[in-house]
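# A look at the structure
Here's the letter readout for the chains.
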Amino acid sequence: MALPAFQSSRTFSCYLSMPTAEVQTASLITDILADNRKKLYVPIIVSETDHMDFVRLHDEQDYRNLPIGLWGIPQPTTQWNNEKRQSVLDDSTENLDVILLPGVAFDRSLSRLGHGKGYYDKFLSSYITAAKRPRPLLVGLALQQQLLGAGSVPITETDWKVDMVITPDDIITKDDLHKDFANA
């Protein structure tokens, strides 16, 4: 959260992490929720249509009260304080500034391999193209062993590259790609 891009951002989406095998997001989530100037949206799978939406979490108590679902991941409910949770797709919602994404693997050319359902790629396409919202900063959070060499992650035309990958030891950005190309 110390990066300038994060400091100046007001609306975030962050995944709710599994207990193992990916970057743990609990402290990021509580940091965002503790800052009254920031809003946080978390993913929810809409079972009727099998698509992903993002709904607002309001405070740390809201986060701590989420029921634990499949794979030990906290699952947002559709209601908060007896009202429908605000969706990031609602007309009254501010545009997302940053989306923090999970992945099975990332590479140094900023490609991301998800868990295979395409939820994030489909969401991004509908959010940016259909809803005509500006592209948020896409930040992949990775364990060091999830970061591979450039070109190692297979991608298709429907896959979205991230703008940045953050690991415990590295921050890879588009600027790094240009440096690598210039030095080749």
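Quick note: structure is the one above.
Residues numbered from 1 in each chain as written. Predicted model: local features only at pLDDT ≥ 70, side-chain atom pairs only at ≥ 80, totals over all residues. Heavy atoms only, no water.

## Structural notes on unusual backbone geometry
Where we set the bar: Only DSSP runs of H or I with at least four residues qualify as helices, and only runs of E with at least two residues qualify as strands; both kinds are numbered from the N terminus onward. Here the term buried applies to any residue with accessible area under 20% of the maximum for its type, exposed to any over 50%, and partly exposed to those in between, with areas from a 1.4 Å probe on protein chains only.
In this model, D50 sits at a positive phi of 50°, which is unusual for a non-glycine residue. Along the polypeptide, D50 turns up in the loop between β2 (39-46) and β3 (51-57). Despite not being glycine, W71 has its phi angle at roughly 65°, a positive value. Assessed through its relative accessible area of 63%, W71 is described here as exposed.

## With respect to the sheet that holds strand β7 (residues 105-107)
Let me state the cut-off plainly: A pair of strands counts as paired when DSSP detects no fewer than two bridges linking them.
Spatially, 3 strands are ordered β8-β7-β10 in an open sheet, and the strand pairing comes out mixed. Sheet topology places β8 (112-113) and β10 (147-148) at the edges, where each strand pairs with a single neighbour. Bridge count for β7 against β10 is 2 bridges, and the pairing is parallel. For F106, the partnering residue across the bridge sits in β10 and is L147.

## Looking at the nonpolar core
Under the convention used in this document: Here the nonpolar core consists of buried residues drawn from Ala, Val, Leu, Ile, Met, Phe, Trp, Tyr and Cys, with membership extended through side-chain atoms lying within 4.5 Å. The criterion used for residue contact is that any of the two residues' heavy atoms lie within 4.5 Å.
Core analysis: the biggest nonpolar cluster contains 47 residues, and L40, I99, L100, F123, V139, L141 and V165 have the highest contact counts within it. Among the secondary structure elements, those contributing two or more residues to this core are β1 (11-14), α2 (26-34), β2, β3, β6 (98-101), α4 (119-130), β9 (137-141) and β11 (164-166). Counting residues per element, this core draws most heavily on α4, which supplies 6 residues. Excluding residues within four positions of it along the chain, L100 makes contact with F6, S13, C14, Y15, L28, Y120, V139 and L141.

## What about the packing of aromatic side chains?
What counts here: Pairing of aromatic rings covers Phe, Tyr and Trp, the last through its six-membered ring, and needs centres within 6.5 Å; plane angles under 30 degrees mean stacked, over 60 mean edge-to-face, and all others mean tilted.
Using the criterion set out here, one finds 4 aromatic pairs in the structure. With a centroid separation of 5.4 Å and an interplanar angle of 25°, the aromatic rings of F123 and Y127 are classed as stacked. With a gap of 4 residues between them, F123 and Y127 both fall in helix α4, about one helical turn apart. You'll find F123 and Y127 in the same group, each marked buried. Counting every residue linked through ring pairs, the aromatic cluster contains F54, Y120, F123 and Y127.

## What about the sheet that holds β9?
Here is the rule: Every axis in this analysis is a line fitted to C-alpha atoms, fitted for helices over the stretch in contact. Angles between the N-to-C directions lie between 0 and 180 degrees.
Spatially, the 7 strands line up as an open sheet ordered β3-β2-β1-β6-β9-β11-β12, and their pairing is mixed. Unpaired on one side and paired on the other, β3 and β12 (171-173) mark the two borders of the sheet. Sheet twist, expressed as the mean angle between neighbouring strand axes with direction ignored, is 25°. One ladder, built from 3 bridges, connects β1 with β6; its direction is parallel. The residue bridging S13 from the neighbouring strand is I99, located in β6. Against the sheet, α2 contacts β1, β2, β3, β6 and β9, and its axis sits at roughly 130° relative to β2. Contacts from α4 reach β2, β3, β6 and β9, with the element oriented near 75° to β3.

## Side note on the pairing of β9
With respect to burial, β9 is a largely interior element, 4 of its 5 residues being buried. Both β9 and β11 contribute to a ladder of 3 bridges, which runs parallel. Opposite L141, over in β11, you have I166 as the bridge partner.

## Some thoughts on the layout of surface pockets
For clarity, the threshold we go by: Cavity: a set of points on a 1 Å grid over the protein atoms alone where a 1.4 Å probe fits but cannot get out. Pocket: an open set with protein on both sides within 12 Å along at least five of seven lines, its lining residues, like those of a cavity, having an atom within 4 Å of a point. Grid points are joined across faces, edges and corners, and a volume is the space filled by probe spheres set on the points.
Taken as a whole, the largest pocket holds about 850 Å³ of empty space. Together, 28 residues line the largest pocket, and I45, W71, H115, Y119 and Y120 are the ones closest to its centre. Of all the secondary-structure elements, those providing two or more residues to the lining of the largest pocket are β2, β8 and α4.

## Notes on α4
Worth spelling out the cut-off: Multiplying one less than the number of residues by 1.5 Å gives the expected span of a helix.
Under the 1.5 Å per step criterion, the end-to-end length of α4 is 15 Å for 12 residues, consistent within 8% with the ideal 16 Å. Within α4 the residues assigned to the buried category are Y119, Y120, D121, F123, L124, Y127 and I128. Close packing links the buried residues of α4 with β2, β3, β6, β8 and β9. Two residues or fewer after α4 comes K132, characterised by a positive phi angle close to 55°.

Structural measurements only, silent on function.
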